Amino acid sequence: MPTPRILAAVATALLVVWGTSPATIGPQAGPPPPAAQPAPLDAPAPGALTPRNASYSITARLDPVTRTLTGTEILTWRNISQATASELRFHLYYNAWRNTDSTWMRERTLGRGDALNERPERDWGWIDVRAIRRLGADSPPVTLTSRARFVAPDDGNGRDRTVLAVALDAPVAPGQTINVEIEWTSRVPRTFARTGAVGNFFFLAQWFPKIGVLEDEGWNCHQFHSATEFFADFGVYDVRLTVPAGWIVGATGSVRDRGDNPAGTTTHHYYQEDVHDFAWTTSPDYLERSERFEHPTLPPVEMRLLLQPEHAGQARRHFDATRAALRYYGEWYGAYPYGHVTIVDPAWQSGAGGMEYPTLFTAGSAWLAPAGVTRPEGVTVHEAGHQFWFGIVANNEFEHAWLDEGLNTFSTARTIEQAFTPNYAAERYFGGFIPWTFRDVVIDRATDGNRLHGYRPAARSDAQSTPTFRYWPGSASAITYNKTALWLHTLERHLGWPTLQRIMATFFQRWKFRHPKPQDFFDIVNEVSGQDLTWFFDQVHRSSYVFDYGVASLTSREAGGRGFFGEGRDRTFSDRTNSGGRFQTSVVVRRYGEGIFPVDVLVTFEDGETARERWDGRDRWRLYEYDRPARAVSAQVDPDRVLLLDVAYTNNSYTLAPRADEAARKWSLAWLVWLQDVLLTYAFFV
Ligand SMILES: [Zn+2]
């Protein structure tokens, strides 16, 4: 097979020279938007939290009837790398839905095999850049439009148009700043990947030409992939959005002013400093609510909620869940710095739910939500939590998605456990219409059954260190979310929460408003714990090893050889009374998986005594023998369940006393585990 490098070279050779033929311009409606004002955004500004090297001044007008978005942006970009830039690279994400041959569509079909590619023509989306100009301080603008071409750095797909490379007229040296004006038109699709429109509901994310990240090694500007998200530098966003008069707008940042226009439209002006993306939503149907988060040691946050009318009764739950995230993430890791956050409750079947953007996120209200079931809270806490892991600590989500999703999934579960009790598992049958609460099944973070359930079938797929966009699409989320949450939770149990909390807080404080890589996290784990845990990360991150310890056999014989009690997994039961003599007990524990982790072995005897052994877990098996006045009742490996990554927990214990009540209890536990599996098969976590 050709290597990706060769494929990319071939694709580059085949690239069609891109131009501005009027045929590629989308439908126009109404007068052009007001001209963008060149932004006085040349960073670094005093008091800036971030480098502010990619700032945008945008004006855009939405025509909801034709689903057309027409925009102009002035990008102020400063080269903060060590490399000289001879070209700029931009993400044009909407082109993922331009045709069925985009990389996003190909991967989506590969991973899920769903019927998205059978959508009618009107449901597709695209973005066309009409003009690109470099603006000079004292010189006339230089048109760069004809210097642009599509590139496909990840897979060489010549039909993919999600990355635009623009050759510059003159290079940009390290430290130098340029201003670039871009005009574009796009068709808003029916929602794909949480951006788009359904009826009068518009959610606009990844909607403007967004510059990639220039690293010392060159441009980091990936194509849009079906299983991964985004990566961008921090900046200031100054955005004017024109929509029909009377429509409600929610956006990253906060509103500065609004003005009505003659043509029955209103322009909403939003502004936000020190963020790396900008998303917005508009609809005439939103209900608006607002509350304030207050805390003795954390700064206040104004919470704005845009709610679907049919969910009017659920405002409290969204606010409470957002408060929980702001509180616990704030106490554990560090303060939310922006002072405001917007919670968007997306329209029914809009497909826009459960997604994070700076200072704004979409929740996921179900139609009916029984009290005591944390499902809407879980989504809201998770997406609010992304303000910290993604929004503030801004890792590359194309390459290391686990770094935000995994840390956030772990943090979500911990917050839910702290803030919402009881936490009943709930499943919605019949397409989500019937809420059903199983009061017997409390999602227990102690066993992390839901995380394990998702991870287990994917455990042997990609090593986590593989760039996320190259994961097998069908198991990408299990490795990104579930596996990370499980190994972090394992670390919590191995090191203790005070240590893990200090690790996470140190990582947050040191890497906020920057772009950390995996090794940056591992270095902090080692530093703060005072241990070299490279052996752990070699296994959980750099390999696809699975962990599985089990008790292979337990026997307990009366000394002298007459009495016999238990044998292997096919044990026979013989109820002998204790003769008062001594008993020889043998326990064999085995390591069935490649993964190695230190585990305890706990043997319990009939007289209530126990023996606890510490096994380094390295050999493939270990025999423990005892000569005691009582026979053994049970043996357990990892009795405290530290190793939550163990893919087969049912073989971890072995019992030699199947009394009648014991049997019933075992049966009911097995039934509960089965039920939990069924529930979680249909549940999903975003
Ligand atoms: Zn997430």
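Keep in mind that this is a model prediction, so the values were computed, not measured.

A. Summary view of the overall build of the protein chain. When helices and strands are tallied, the protein chain shows 11 helices and 32 strands. Long-range contacts, defined as pairs at least 24 residues apart, comprise 73% of the intrachain contacts of the protein chain with a sequence gap of at least 6. Carbon and sulfur atoms form 52% of the exposed surface of the protein chain, whose accessible area is close to 27400 Å².

B. Region of the structure containing the coordination of the zinc ion. For the zinc ion, the full set of protein donor atoms is His 382 (NE2), His 386 (NE2), Glu 405 (OE) and Glu 405 (OE), at a range of 1.9 to 2.8 Å. The site at the zinc ion holds four donor atoms, and with the angles between them running 52 to 158°, its shape is irregular.

C. Structural view of the side chain of Asp 404. Mapped onto the elements, Asp 404 comes out in helix H5 (residues 401–419). If sequence neighbours within four positions are ignored, Asp 404 has contacts with His 386, Trp 389, Phe 390, Asn 395 and Glu 397.

D. Spatial organisation of the packing of aromatic side chains. Summed over all chains, the structure comprises 51 aromatic pairs. When the centroid spacing of 5.4 Å and the interplanar angle of 80° are considered together, the rings of Tyr 549 and Trp 615 count as edge-to-face. One end of the pair, Tyr 549, is in strand E26 (residues 549–558); the other, Trp 615, is in strand E29 (residues 610–615), with 66 residues separating them in the sequence. Of the two residues, Tyr 549 and Trp 615, neither departs from the other in class, the shared state being buried. Across from the ring centre of Tyr 271, 3.8 Å away, lies the NZ or CZ of Arg 256, which sits over that ring. The ring of Trp 511 has Arg 514 sitting right over it, with the charged end atom 4.0 Å from the ring centre.

E. How the structure looks around the pattern of salt bridges. On inspection of all chains with the given rule, the structure shows 32 salt bridges. A salt bridge links Arg 292 to Glu 294; the nearest nitrogen and oxygen atoms lie 2.8 Å apart. For Arg 292, a relative accessible area of 38% translates into the label partly exposed. The exposure class of Glu 294 is exposed, given its relative accessible area of 57%.

F. Structural detail: the pairing of strand E20 (residues 301–307). A large share of E20 lies buried, amounting to six of its seven residues. Relative to E20, strand E19 (residues 287–293) is paired through seven bridges, and the arrangement is antiparallel. Looking at the pairing, Ser 290 lines up with Arg 304 of E20. Looking at chain direction, E20 and strand E21 (residues 340–344) are connected through five bridges and run parallel. Looking at E21, one finds that Leu 305 is bridged to Ile 343.

G. How the structure looks around unusual backbone geometry. Non-glycine residue Phe 513 carries a positive phi angle of around 60°. Tracing the backbone shows Phe 513 in the loop between helix H8 (497–511) and helix H9 (518–529). With a phi close to 50°, Arg 641 is a non-glycine residue in the positive phi region. Structurally, Arg 641 is set in the loop between strand E31 (632–637) and strand E32 (653–655).

H. Region of interest: the nonpolar core. The biggest cluster of nonpolar side chains holds 169 residues, and the ones touching the most others in it are Trp 77, Trp 207, Trp 280, Trp 487 and Phe 521. Contact partners of Trp 207, with chain neighbours within four places excluded, come to Ile 58, Ala 60, Leu 69, Tyr 94, Ile 127, Trp 184, Val 239, Leu 241, Phe 278, Ala 279 and Trp 280.

I. Expanded view of the environment of Asn 651. The topology assignment puts Asn 651 in the loop between E31 and E32. You can call Asn 651 buried: its relative accessible area is 15%. Between the C-alpha atom of Asn 651 and that of Val 551, which follows or precedes it by 100 residues, the distance is 6.2 Å.

J. Inspection of the confidence of the model for the protein chain at higher detail. Confidence in the prediction for the protein chain averages 84 pLDDT; 80% of positions are at 70 or higher. Taken as a whole, residues 1–43 scores under 50 in pLDDT and shows 59 contacts with residues more than four places along the chain or in a different chain. Here residues 424–443 is a poorly scored stretch, pLDDT under 50, and it has 56 contacts once near neighbours within four places are set aside; other chains count.

K. View of the sheet that holds E32. Across the sheet, which stays open at both edges, the four strands sit in the order E29-E28-E31-E32 with antiparallel pairing between neighbours. Each edge of the open sheet carries a strand with a single partner, namely E29 and E32. Neighbouring strand axes in the sheet, compared pairwise and without regard to direction, differ in orientation by 10° on average. Bridge analysis of strand E28 (residues 599–605) against E31 gives five bridges, and the strand direction is antiparallel. Paired with Thr 604 across the strands is Ser 634, a residue of E31.

L. Structural context of the sheet that holds E21. Reading across from one edge, E19-E20-E21-E23-E22 is the order of the five strands in this open sheet, with mixed pairing throughout. One side of each edge strand has no neighbouring strand; the edge strands of this open sheet are E19 and strand E22 (355–357). Geometrically, the sheet is characterised by an average inter-axis angle of 15° between neighbouring strands, direction not taken into account. Relative to strand E23 (residues 360–362), E21 runs parallel, the two sharing three bridges. Residue pairing for E23: Thr 342 is matched across the bridge by Leu 360.

Thresholds, definitions, all that
- The residue count restarts for each chain, going from 1 along the sequence in the order it is written.
- Totals for whole chains, interfaces and linings use all residues, but because this is a predicted model, local features are given only for residues with pLDDT of at least 70 and pairs of side-chain atoms are given and counted only at 80 or more.
- To get the side-chain values, all heavy atoms of the structure are used, and hydrogens and water are removed first.
- Put simply, DSSP H or I for four residues or longer makes a helix, DSSP E for two residues or longer makes a strand, and each gets a number counted from the N terminus.
- Working rule for contacts: check all heavy atoms of both residues, and any pair within 4.5 Å makes them a contact.
- Residue-level accessible areas treat just the shown protein chains as cover; the underlying method is Shrake-Rupley with a 1.4 Å probe.
- Atoms are scored as donors when they are N, O or S and lie within 2.8 Å of the metal, with 3.2 Å used for Na, K and Ca; no water is included, so coordination may look incomplete.
- The geometry test gives tetrahedral to four donors whose angles all lie between 85 and 135 degrees, gives square planar to four donors and octahedral to six donors whose opposite members are over 155 degrees apart with all other angles between 65 and 115, and gives irregular to the rest.
- Here is the rule: rings of Phe, Tyr and Trp (six-membered ring for Trp) pair when centre to centre is within 6.5 Å. Planes less than 30 degrees apart are stacked, more than 60 are edge-to-face, and the remainder are tilted.
- The classification of residues rests on relative accessible area computed with a 1.4 Å probe and restricted to protein chains. Under 20% of the type maximum is buried, over 50% is exposed, and intermediate values are partly exposed.
- We call a charge positioned over a ring when the NZ of a Lys or the CZ of an Arg lies within 6 Å of the ring centre and within 35 degrees of the ring normal.
- We define a salt bridge as a side-chain nitrogen of Lys or Arg found within 4 Å of a carboxyl oxygen belonging to Asp or Glu.
- At least two DSSP bridges between two strands are needed for those strands to be called paired.
- Working definition of a nonpolar core: buried Ala, Val, Leu, Ile, Met, Phe, Trp, Tyr and Cys residues. They are joined through side-chain atoms within 4.5 Å.
- As a per-residue quantity, pLDDT reports the predictor's confidence and falls between 0 and 100.
- Think of each axis as a best-fit line through the C-alpha atoms, taken over the contacting stretch in the case of a helix, with angles from 0 to 180 degrees between the N-to-C directions.

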